[in-house]
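Now for the letters of each chain:
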Amino acid sequence: MRSKTDKSASAESWRRMRNRDFRKMSTVAMFLLLLAGIEPPSWASSTFERDEFQAQYRQILQTCASGKPEDALEALVELESAALGGYGADGAERVWQAEAGILEDILNTTPDAIWPILLFHEQAFIVYNERGLFESSAYSLLMTVNIVDAYVEKVNSEEGRLAAALLLTDLSYHTSQFATSMSLLLKALDLAPSHEAPLLGLAKFFEIRGKYEEARTYLQRLVEAHNENGEAKLRLAINLDRFGRRSEAKELFQQLLKSAAPSWVRSLSYQELARILTEDGELEPAASLLEQGGQELPSDFTLLVYLAYLTDRAGRPRESSLAASMEKCTKDCDASPRAIYLQRTGPAHVRLHEQLQNQSASNSELLSRALLPASP
Amino acid sequence: MVRSVALGLRWAVALTLLFPTFAFSEAQGSTRLHRLYVTVTRNGKPAQGLKREDFTILEDEVRQDLATFELGDSPFAAVLLLDASASMSHSFEELRPAIQSFLSELGPRDEIMSIVFAEQPLAMTSFLRQGADLTLESKDPPRNSNTSLNDHLYAALDILHDREGRHVVILISDGADLSSVLRMEDVLWKTRRSDALIYWIHPRDPDSKSVSPRSQTQFSTSWHDVEANSQERKLLAKAVEESGGRSETVMSVDGIKEAFGKILRELRGQYILGYLPSHRGESGQWKDVKVRLRSRGTKVRAQEGYVEDDPEEGEPR
């Protein structure tokens, strides 16, 4: 059993290790303290062969760089879990020091070679979460954020900050913990104040929690900076209408219907504009609008249901039954636009992740070279 | 003359019972026979042997004369709505035997359509009769799928409109709507213009810690905040109650099977009361209906009212 003094020294050492700016990472710090408080099991051996660990870690990174990321991931999970499991802050500290020893060299020589490693550790973080390995997941998140900070400091470029912001935003999407997710997004926004990824991430973060006023603020910033972003305009229009700014909302929906926005955004623009018209007592124009939407997007069940309702309200006969539309939908409906709207990781996140993967792929060669043993 | 008027009235009543959309001609002041499907229970079981004179109907607090009185073993058309979203504790495949058993217990002229849904319809049958094989193959719902309960409940009421006989919706869902385009108040608009009884079976997994009553009502989404979601659920409960149906929480697949059995027994033991409303209201006006019973120790459930139609428009869908 460790003494209290040992534990606090270990936690302090761990805190010193994360020597970057973590002012907005209060929840991460909380994770850290939790780690520090974990008692090692009585049977646990304190033996840790740093050289052996580093050799294995280097080998894993080489496997990853050589195009076998799945094999590398399983090996990393096994290696880290064994070294971290049950050892609390002591375990985290020794694993960090061993891994950081290698990563520091790479950062000093070829900073961009760090990208495949960052994505690799992000993937490990996701796997730890899925498998319920709390300690490993917390460690993985922290070490990834630490490396991001070190990278930004090292390259000190606009491009580097943007890439880092994308990764932090991506990490936030995989974090179920409320405050950690927000901290990551705010940190990303600090690095890239007008980038669409953290702005959209924050807007969705607040919207999902029913904090529509906060969501609207970020969406307003996003649309001002990226007027071409259809999803942002849609979300802004919906949130403007929530706060009584109906004419602005209508104008945005109309703009979207004239644009080449994705079909799910167009479908929701039809629906939400029709809702506004209905609430304003304009049943016929609302029904006509949905008819137009139904012709453009015939496989969209939500448009058909809403049209059926408005037709009923207007007392008009209907051309087709909902049973037929439902039958058709069971075979060939696309994903529900309203469900896409609810997703934390929607189409924008898919694009973001692709960007990061490209960033990583284009630097794999660099990583391979960086991992070669230095010439005598 | 008196005999021919009485004969005419009898025919009209018979026609109305056979064809729900049949309306009386001008001789009855454009008034439709309004039917009430009344469930009476004593100690939780259908109360039998009641007579016409045991019932009193009040419409907007005015006593109405009963024109028809029947025991309710008349055919019904039902839509079984099965929520297959991620929050549900039982899959369609787990429920299949219970539904198959329900089909085998239908009366010869009863019919039932099954619809499996999540965000969108996943699978559906035609209207099946007694003993039909449930050859429904449902595709898997999307991972972490949401529920569009309101949209599908509206569609079910719409589908029933053209079917003969009594109309019933049996909804198996946790009641949390996440992704409908229609709000529950839109569905309530429809239920008040429908004669369908809505039964809501709410399955809960006794082993699941996450599915607490609080987690099902106290949640926000990008579409609705906590308050709005809570209101949606209240309105669903209101729609069920107003329709004359009821809700029931069950803890297992066997519980669902038992709930089906109870619904069938209730439907077979219903009393069908018909009356010609003494006062025609304005189109769109809510008419409050109460059924009183002379028999002691019984509980009465029936549609709590309806919306007056516009005679020029015919019945809404």
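Keep in mind that what you see is a predicted model, and the values were worked out from it rather than measured.

Attention now moves to the overall build of chain A. Broken down by element type, chain A carries 20 helices and zero strands. Within chain A, residue pairs in contact and separated by at least 24 positions form 67% of the contacts whose partners lie at least 6 positions apart. Counting only carbon and sulfur atoms, one obtains 51% of the accessible surface of chain A, whose full area is about 16400 Å².

Spatially, the six strands line up as an open sheet ordered β8-β7-β6-β9-β10-β11 (chain B), and their pairing is mixed. Here the strands that pair on one side only, and so sit at the sheet edges, are β8 (121–124) and β11 (246–250) of chain B. Pairwise comparison of adjacent strand axes, ignoring direction, gives a mean angle of 20° for this sheet. Those strands touched by helix α17 (residues 322–332) of chain A are β7 (111–117) and β8 of chain B, and its axis lies near 105° from that of β8(B). Against the sheet, helix α6 (residues 226–243) of chain B touches β9 (166–172), β10 (197–203) and β11 of chain B, its axis set at about 135° to β10(B).

Residues and elements named next belong to chain B. For Asn43, which is not a glycine, the phi torsion comes out positive at approximately 50°. Judged by its relative accessible area of 75%, Asn43 falls in the exposed class. Unusually for a residue other than glycine, Glu61 sits at a positive phi of about 70°. When you line up the elements, Glu61 lands in the loop between β3 (55–59) and β4 (62–64). The exposure class assigned to Glu61 is exposed, which follows from its relative accessible area of 53%.

Time to look at the state of the cysteines. Residues and elements named next belong to chain A. Tallied over the full model, the rule gives one disulfide over all chains. Bridging Cys329 to Cys333, the disulfide has an S-S length of 2.0 Å. The S-S bond linking Cys329 to Cys333 shows a torsion near -115°; that makes this disulfide left-handed. Assessed through its relative accessible area of 2%, Cys329 is described here as buried.

A separate point is the sheet that holds strand β13 (residues 286–293) of chain B. Residue and element names in this part refer to chain B. Spatial strand order, β4-β3-β13-β15: four strands in an open sheet with antiparallel pairing. Each edge of the open sheet is held by one strand with a lone partner, namely β4 and β15 (305–307). Looking at each pair of strands side by side, their axes are set apart by 30° on average, direction ignored. Two strands pair when backbone bridges link them, and β3 and β4 are joined in this way by three bridges, in the antiparallel orientation.

In this assembly, 38 residues from chain A lie in contact with 32 residues from chain B. Across the interface of chain A and chain B, roughly 3100 Å² is buried in total on both sides, 60% from carbon and sulfur atoms. Together, A:Tyr309, A:Met326 and A:Leu342 form the three largest contributors to the area buried by chain A at its contact with chain B, with a combined 20%. For B:Lys190, the salt bridge identified is with A:Asp312, shortest N-O distance 3.1 Å. Where chain A touches chain B, the interface holds 15 residue pairs in polar contact (both at pLDDT 80 or more). Listed by contribution, the elements that provide at least two residues to the side of chain A that touches chain B are α10 (196–208), α12 (230–242), α14 (263–279), α16 (301–314), α17 and α18 (337–342) of chain A. Per element, the largest residue contribution to the side of chain A that touches chain B is eight residues, and it comes from α16(A).

In this section: the pairing of strand β12 (residues 271–275) of chain B. Residue and element names in this part refer to chain B. The buried fraction of β12 amounts to five of the five residues, a majority that puts the element mostly inside the structure. With burial as the criterion, each face of β12 is covered, one bearing Tyr271, Leu273 and Tyr275 and the other bearing Ile272 and Gly274. The sheet contact formed by strand β1 (residues 34–42) and β12 spans five bridges and is antiparallel. If you follow Tyr37 over to β12, its bridge partner there is Ile272.

Below, the discussion takes up empty space enclosed by the protein. Residues and elements named next belong to chain B. One pass over the full model with this rule turns up seven cavities of 30 Å³ or more. Empty space within the second largest cavity amounts to approximately 60 Å³. Surrounding the second largest cavity, ten residues form its lining, Gly175, Asp177, Asn229, Glu232 and Arg233 being those nearest its centre. Here the residues of the lining of the second largest cavity sort into three nonpolar, four polar and three charged.

Moving on, we get to the confidence of the model for chain A. Residue and element names in this part refer to chain A. For chain A, the average pLDDT comes to 84, and 86% of its residues sit at 70 or higher. Contacts from residues 1–30, a stretch scored under 50 in pLDDT, to residues over four places away or in other chains number 57 contacts. Long-range and interchain partners of residues 33–45, a stretch whose pLDDT sits below 50, account for 27 contacts in this model, where long-range means more than four residues apart.

If you look at the biggest cluster of nonpolar residues, it comprises 87 residues, and the most contacted ones within it are A:Leu234, B:Val79 and B:Leu81. Setting aside anything within four residues of it in sequence, one finds B:Leu81 in contact with B:Ile115, B:Phe117, B:His152, B:Leu153, B:Ala156, B:Val169, B:Ile170, B:Leu171 and B:Ile172. Counting 59 residues, the second-largest nonpolar core is a separate cluster that includes A:Ala92, A:Ile106, A:Leu107 and A:Tyr173.

For the rest of this paragraph, the subject is the packing of aromatic side chains. All names here are of chain A. Throughout the structure, instances matching the rule amount to 13 aromatic pairs over all chains. Ring pairing ties together the aromatic residues Phe178, Phe205, Phe206 and Tyr218, which thus form one cluster. A cation over a ring is seen here: Arg242 above Tyr212, with NZ or CZ 3.6 Å from the ring centre.

All names here are of chain B. Of all residues in chain B, 83% attain a pLDDT of 70 or more, and the chain-wide mean is 84. Mean pLDDT across the elements of chain B ranges from a minimum in helix α1 (residues 2–18), with 43, to a maximum in helix α3 (residues 149–160), with 97. Counting contacts from residues 1–30, a segment whose pLDDT is below 50, to residues more than four positions away or on other chains yields 28 contacts. Of the two predicted TM-score estimates for the complex, the pTM is 0.83 and the ipTM is 0.84.

Residues and elements named next belong to chain B. If you check helix α2 (residues 92–104), its first and last C-alpha atoms are 18 Å apart, about what 13 residues at 1.5 Å a residue would give, namely 18 Å. If you check which residues of α2 are buried, you get Phe92, Leu95, Arg96, Ala98, Ile99, Ser101, Phe102 and Leu103. Each element contacted by the buried residues of α2 is listed here: β6 (76–83), β7, β9 and α7 (253–268).

Residue and element names in this part refer to chain A. With respect to the helices, strands and loops of the structure, Asp170 is situated in helix α8 (residues 158–173). Separated by 14 residues in the primary sequence, Asp170 and Leu184 place their C-alpha atoms 9.1 Å from one another. Excluding its chain neighbours within four sequence positions, the residues that come into contact with Asp170 are Glu122, His349, Leu352, His353 and Leu356.

Residue and element names in this part refer to chain A. The contact between α10 and α12 brings their axes to 11 Å, and the two run at 40°. The hand of the α10/α12 crossing is left-handed. Seen from α10, the contacting residues are Leu200, Lys204 and Glu207; seen from α12, they are Glu231, Arg235, Asn239 and Arg242. A class-by-class count of the residues in the contact of α10 with α12 yields one nonpolar, one polar and five charged.

Another point: the pairing of β3(B). Residue and element names in this part refer to chain B. By the criterion of burial, β3 is predominantly enclosed, with four of the five residues buried. Strand direction decides the pairing type here: β3 and β13, joined by five bridges, are antiparallel. Counted as the bridge partner of Leu58 is Lys290 from β13. Connecting β3 to the antiparallel partner β4 that follows it, the hairpin turn spans two residues, and Asp60 within it adopts a positive phi of roughly 50°.

Criteria and thresholds
- Residues numbered from 1 in each chain as written.
- Chains lettered and ligands numbered in written order.
- Predicted model: local features only at pLDDT ≥ 70, side-chain atom pairs only at ≥ 80, totals over all residues.
- Heavy atoms only, no water.
- Helix = DSSP H or I, 4+ residues; strand = E, 2+ residues; numbered from the N terminus.
- Contact = heavy atoms within 4.5 Å.
- Areas by Shrake-Rupley, 256 points an atom, 1.4 Å probe, with all protein chains shown as cover.
- Pairing = 2+ DSSP bridges.
- Axes fitted to C-alpha atoms, helices over the stretch in contact; angles between N-to-C directions.
- Buried < 20%, exposed > 50% of the residue type's maximum accessible area, 1.4 Å probe, protein only.
- Disulfide = S-S within 2.5 Å.
- Buried area = accessible area lost by both parts, 1.4 Å probe.
- Salt bridge = Lys/Arg side-chain N within 4 Å of Asp/Glu carboxyl O.
- Polar contact = N/O pair within 3.5 Å; in protein donor to acceptor, adjacent residues only side chain to side chain.
- 1 Å grid on protein atoms, 1.4 Å probe; cavity = no way out; pocket = protein on both sides within 12 Å on 5 of 7 lines; lining within 4 Å.
- Points joined across faces, edges and corners; volume = space filled by probe spheres on them.
- Nonpolar A, V, L, I, M, F, W, Y, C, P; charged D, E, K, R; others polar.
- pLDDT = per-residue confidence, 0-100.
- Core = buried A, V, L, I, M, F, W, Y, C linked by side-chain atoms within 4.5 Å.
- Phe/Tyr/Trp six-rings, centres within 6.5 Å; stacked < 30°, edge-to-face > 60°.
- Lys NZ or Arg CZ within 6 Å of the ring centre and 35° of its normal.
- Expected span 1.5 Å × (residues − 1).
- Left-handed = near helix turned anticlockwise from the far one by under 90°.

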